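Observations on the model geometry
Listed here are the chains, written in short residue letters.
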Amino acid sequence: MAQVKNVEKKIWDVQDFDVNFKYPDGGNVRGDKKDMPQYPRKNASKNDMTVREWKDGHFKKIYPGYECDVLLGDGTVAHGSTKLGTVRDSYKESDE
């Protein structure tokens, strides 16, 4: 089982965007929290999937009892209707 910070890194490696694990009450999950299952996906989700679809269809199935924020390249939280392609593009824009 992995630490939260390692799971967040694995999600970045696969999906090309940052996430913050949250408790259902909105509190941040510490990065050194242990006993989290590792993120199992090997391929990025499609660019036309929304943040909400990704969270409901992928994240919550793997990490029941947790929420997450999907972050844009500037560190702000992406709205649920934002397409994953837009989220990924925001990191490229912040590098320029």
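We now turn to the structure provided with this report. Every value quoted in this text rests on a predicted model; they were computed, and no experiment measured them.

Conventions we followed
Residues numbered from 1 in each chain as written. Predicted model: local features only at pLDDT ≥ 70, side-chain atom pairs only at ≥ 80, totals over all residues. Heavy atoms only, no water. Helix = DSSP H or I, 4+ residues; strand = E, 2+ residues; numbered from the N terminus. Buried < 20%, exposed > 50% of the residue type's maximum accessible area, 1.4 Å probe, protein only. Lys, Arg positive; Asp, Glu negative; His and termini not counted. Salt bridge = Lys/Arg side-chain N within 4 Å of Asp/Glu carboxyl O. Polar contact = N/O pair within 3.5 Å; in protein donor to acceptor, adjacent residues only side chain to side chain. Contact = heavy atoms within 4.5 Å. Phe/Tyr/Trp six-rings, centres within 6.5 Å; stacked < 30°, edge-to-face > 60°. Pairing = 2+ DSSP bridges.

Focus: the side chain of Glu8
Structurally, Glu8 is set in helix α1 (residues 4-15). Among buried charged residues, Glu8 stands out as having no salt bridge; its nearest opposite-charge side chain is Lys5, 9.5 Å away. Separated by 3.0 Å, the side chain of Glu8 and the backbone nitrogen of Phe21 make a polar contact. Residues within four places of Glu8 in sequence aside, it is in contact with Val19, Asn20 and Phe21.

A short note on the pattern of salt bridges
For the structure on display, the rule yields seven salt bridges. Put simply, Lys22 and Asp69 hold a salt bridge, and the shortest N to O gap is 3.6 Å. Separated by 47 residues along the polypeptide, Lys22 in strand β1 (residues 18-22) and Asp69 in strand β2 (residues 67-71) bring together distant segments of the chain. Here Asp69 falls in the buried class, since its relative accessible area comes to 18%. Salt bridges linked by common partners bring Arg52, Asp56, Lys60 and Glu67 together as one network.

Some words on the environment of Asp74
With respect to the helices and strands, the residue Asp74 is situated in the loop between β2 and α3 (84-95). With 17 residues separating them along the chain, Asp74 and Tyr91 place their C-alpha atoms 7.5 Å apart. Looking at Asp74, its side chain comes within polar contact range of the side chain of Thr76, at 2.6 Å.

Topic: the packing of aromatic side chains
The tally for this structure, following the rule as stated, stands at eight aromatic pairs. Here Phe21 and Tyr63 contribute two aromatic rings whose centre-to-centre distance is 5.1 Å and whose plane-to-plane angle is 75°, an arrangement assigned as edge-to-face. Of the two residues, Phe21 is situated in strand β1 and Tyr63 in the loop between α2 (51-62) and β2; the sequence distance between them amounts to 42 residues. Measuring from ring centre to ring centre gives 6.0 Å for Trp54 and Phe59, while their planes differ by 40°; the resulting arrangement is tilted. Pair check on accessibility: Trp54 and Phe59 agree, each one buried. Grouping aromatic residues by their ring pairs yields a cluster made of Phe17, Phe21, Tyr23, Trp54, Phe59, Tyr63 and Tyr66.

With respect to the pairing of β2
In summary, the side chains of a regular strand alternate between the two faces of the sheet. Most of β2 is tucked away: four of the five residues are buried. By the bridge criterion, five bridges tie β1 to β2 in an arrangement that is antiparallel. Residue pairing across strands places Val19 opposite Val70, the latter belonging to β2.

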